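Geometric and topological summary
Here are the chains, one letter per residue:
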Amino acid sequence: MQQLTSRITTTAKVSSLLRTILLKEAPSSSWPPSRSFSTSSLQQRVKIPEKVAIPGDLVKWGSLGFCRTSRFASGFKPLEPKPLDSIMDLNRANNRSPEDLASIWDDYHLGRGHIGLTMKAKLYRLLEQRSSDCRYFVVPLWRGSGYTTMFAQVQLPYMLFTGLEDYKARGTRASPYFTATFYTEFAGSKDLVLIRGDIVFTSKLTDEEAKWLLEKTQSFYLNDVRYKLVECFNKEPRDFEFKDVLRALDMPIL
């Protein structure tokens, strides 16, 4: 028992030391994106079942959240993004293995109102390629006996998520619930991309829901079969069937 306690104590000290070396400050509640996107318009209004029908002019939603002059729902003001070198010491991080960095990054954001994930550089490049051609998608988030449909825009290095019902109600004034920033500083040297998710409205999403949403949205872009649904949504909206998304996620069709 004494040996086990000693091992746990030693591991905790090493873990604490790594975090002290790499992570320069605790993450704030700031929301990363601060620049504006230029987005290409979709040619047609997307038509899917009544509960998740998207109103026209998707392109305006894509410009939300990236400069202080953008219009938002009442009371919401975007903050400046956090560059990676304000979160960790990049010089010291360069001396660490990809496995160490991934573990520290994930653990560091746990329970802080943020989401920490990582991905391989090859997958990031695929995500970048596909999202440049198909920026929008809808993902159902299961809650209790039904689902809430989330509307996503993917324009790397950022992802934006808002509730579809909020978008229908507020149009261009709809505020993102959740954003994600992809940091590629270690893509070349360590084959590692760091992902930081920030929940803008904790009343709208839990940490677990935000992580699930981010992972599932990525899966629709990275999985060849699922990506066909993303392509259909963006390029052939009249043929898009939302029930196919539900089936892909093993959710019941209500």
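Right, let's walk through the structure included here. Everything numeric in this text was worked out from a predicted model, so none of it was measured. (Residues numbered from 1 in each chain as written. Predicted model: local features only at pLDDT ≥ 70, side-chain atom pairs only at ≥ 80, totals over all residues. Heavy atoms only, no water.)

Remarks on unusual backbone geometry
Omega for the bond connecting Leu-156 with Pro-157 falls within 30 degrees of zero, at 15°, which places this linkage in the cis form. Among the structural elements, Pro-157 can be located in the loop between β3 (146-155) and β4 (158-163). Of note in the backbone geometry, Asp-191 takes a positive phi value of approximately 55° without being a glycine. Tracing the sequence through the fold places Asp-191 in the loop between α7 (187-190) and β6 (192-199). The class of Asp-191 is partly exposed, set by a relative accessible area of 33%. (Helix = DSSP H or I, 4+ residues; strand = E, 2+ residues; numbered from the N terminus. Buried < 20%, exposed > 50% of the residue type's maximum accessible area, 1.4 Å probe, protein only.)

Some thoughts on helix α9 (residues 224-235)
Between its terminal C-alpha atoms α9 stretches 16 Å, which fits the 16 Å expected from 12 residues at 1.5 Å a residue. Within α9 the residues assigned to the buried category are Arg-226, Tyr-227, Leu-229, Val-230, Cys-232, Phe-233 and Asn-234. One side-chain oxygen at the N-terminal end of α9 lies 2.9 Å from the backbone nitrogen of Val-225; it belongs to Asn-223. (Expected span 1.5 Å × (residues − 1). Polar contact = N/O pair within 3.5 Å; in protein donor to acceptor, adjacent residues only side chain to side chain.)

Quick word on the packing of aromatic side chains
The geometry of two aromatic rings is summed up by the distance between their centres and the angle between their planes. On inspection of all chains with the given rule, the structure shows 11 aromatic pairs. For the pair Tyr-147 and Phe-242, a centre-to-centre distance of 5.8 Å together with 45° between the ring planes defines the contact as tilted. Remark: Phe-242 occurs in helix α10 (residues 242-248) and Tyr-147 occurs in strand β3; sequence separation between them is 95 residues. Relative accessible area serves as the criterion here: at 2%, Phe-242 is assigned to the buried category. (Phe/Tyr/Trp six-rings, centres within 6.5 Å; stacked < 30°, edge-to-face > 60°.)

What about the nonpolar core?
Formed by 43 residues in total, the largest nonpolar core has its most connected members in Phe-137, Phe-178, Phe-182 and Leu-205. Those residues in contact with Phe-137 that sit more than four places away from it in its chain are Met-150, Phe-151, Ala-152, Phe-220, Tyr-221, Leu-229, Val-230, Phe-233, Phe-240 and Val-245. Met-88, Leu-101, Trp-105 and Phe-186 belong to the second-largest nonpolar core, a separate cluster that totals 12 residues. (Core = buried A, V, L, I, M, F, W, Y, C linked by side-chain atoms within 4.5 Å. Contact = heavy atoms within 4.5 Å.)

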